[in-house]
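Coordinates in review
Here are the chains, one letter per residue:
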Amino acid sequence: MSTTVPGNLHVANDVLADMVGNAALECYGVVGMTAPTAVDGIAKILPASRLRRGVVVTTTEKGVHVELYVVIEYGTNITTVSQNLVDQVSFALTEYARVPLDGVEVHVQGIKVRK
């Protein structure tokens, strides 16, 4: 099917946030996502149905900018897990959604022992 359809395709930021949340949870060392603002100073892991709350997607002139708020598994290297997150999210957005990427920021909100 090589027919080109004229027009523009617009992907909602919520759809991109869902893609990013799922890609992030597939990374080794990520226990879960948290809300960007911890009101009481304690990061609470969001259920899988609310992954979008742990991801902030904004559109800039250069492309899509993503901020991830995650809880990392105790005993893993935070730098390595963060770099894997950046790589996994970048791959998902550039290969699957085909959107230009401005950057990915990882905010580690806590560390937890996986049960």
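A quick note: this is a predicted structure, and the numbers were derived from the prediction, not measured.

On to the overall build of the protein chain. When its secondary structure is counted, the protein chain shows two helices and four strands. Ordered by position from the N terminus, the helices and strands of the protein chain form the series α-β-β-β-α-β. For the protein chain, buried positions account for 37% of its 115 residues. In the protein chain, of all internal contacts separated by at least 6 residues, the share reaching a separation of at least 24 is 68%. By element, 53% of the accessible surface of the protein chain is carried by carbon and sulfur atoms, the whole surface being about 7400 Å².

This part is about the pairing of strand 2 (residues 55–59). One ladder, built from five bridges, connects strand 2 with strand 3 (residues 64–73); its direction is antiparallel. Bridge pairing links T59 to V64 in strand 3. Connecting the antiparallel pair strand 2 and strand 3 is a turn made up of four residues, with G63 showing a positive phi of about 150°.

Once that is clear, we can look at the side chain of E73. In this structure, E73 sits in strand 3. Dropping the residues within four chain positions of it, E73 is found in contact with G29, V31, I111, K112 and R114.

A few words now on the nonpolar core. Judged by nonpolar contacts, the single largest core of 22 residues is most densely connected at V55, V66, L68 and L85. Within the residue set of this core, elements represented by two or more residues are helix 1 (13–25), strand 1 (30–33), strand 2, strand 3 and helix 2 (78–97). Here L68 is in contact with V20, A24, M33, G54, V55, L85, V89, V104, E105, V106 and H107, once residues within four sequence places are set aside.

On to helix 2. Taking 1.5 Å per residue as the helical rise, helix 2 with its 20 residues ought to reach 28 Å, and the 27 Å between its terminal C-alpha atoms agrees with that figure. Residues of helix 2 that are buried make contact with helix 1, strand 1, strand 3 and strand 4 (101–112).

A few words on the side chain of T76. Within the secondary structure, T76 is located in the loop between strand 3 and helix 2. Since its relative accessible area comes to 16%, T76 is described here as buried. Within the structure, the side chain of T76 is placed 2.7 Å from the backbone oxygen of E73, a separation counted as a polar contact.

Here the focus is a nonpolar patch on the surface. On the surface, a cluster of nonpolar side chains totalling about 480 Å² of accessible area is made up of Y74, I78, V108, I111 and V113. Relative to the elements of secondary structure, Y74 occurs in the loop between strand 3 and helix 2.

The rules behind the values
Each chain carries its own residue numbering, running from 1 in the direction its sequence is written. Local features are withheld for residues below a pLDDT of 70 in this predicted model, meaning they are given only at 70 or higher, and side-chain atom pairs are given and counted only at 80 or more; totals for whole chains, interfaces and linings count all residues. Derived side-chain values reflect all non-hydrogen atoms in the structure, with water molecules and hydrogen atoms excluded from consideration. Runs of E in the DSSP output that reach at least two residues are strands. Runs of H or I that reach at least four are helices, and both are numbered from the N terminus. Residue exposure (1.4 Å probe, protein chains only): buried if accessible area is under 20% of the type maximum, exposed if over 50%, otherwise partly exposed. Any two residues whose heavy atoms approach within 4.5 Å are treated as being in contact. Here the Shrake-Rupley method, with its probe set to 1.4 Å, supplies the accessible areas, and only the displayed protein chains count as covering residues. Note on pairing: DSSP must find at least two bridges between two strands before they are called paired. Each nonpolar core is a collection of buried residues, namely Ala, Val, Leu, Ile, Met, Phe, Trp, Tyr and Cys, held together in the definition by side-chain atoms within 4.5 Å. Residue count minus one, scaled by 1.5 Å, sets the expected span of a helix. Nitrogen and oxygen atoms within 3.5 Å of one another constitute a polar contact, given that in protein one can donate a hydrogen and the other can accept it, and given that sequence-neighbouring residues count only through two side-chain atoms. Patches here are clusters of residues that have more than 30% relative accessible area and form no salt bridge, with a 9 Å joining cutoff for like charges and a 5 Å cutoff for nonpolar side chains (Val, Leu, Ile, Met, Phe, Trp, Tyr). Whenever Lys or Arg places a side-chain nitrogen within 4 Å of a carboxyl oxygen from Asp or Glu, that contact is recorded as a salt bridge.

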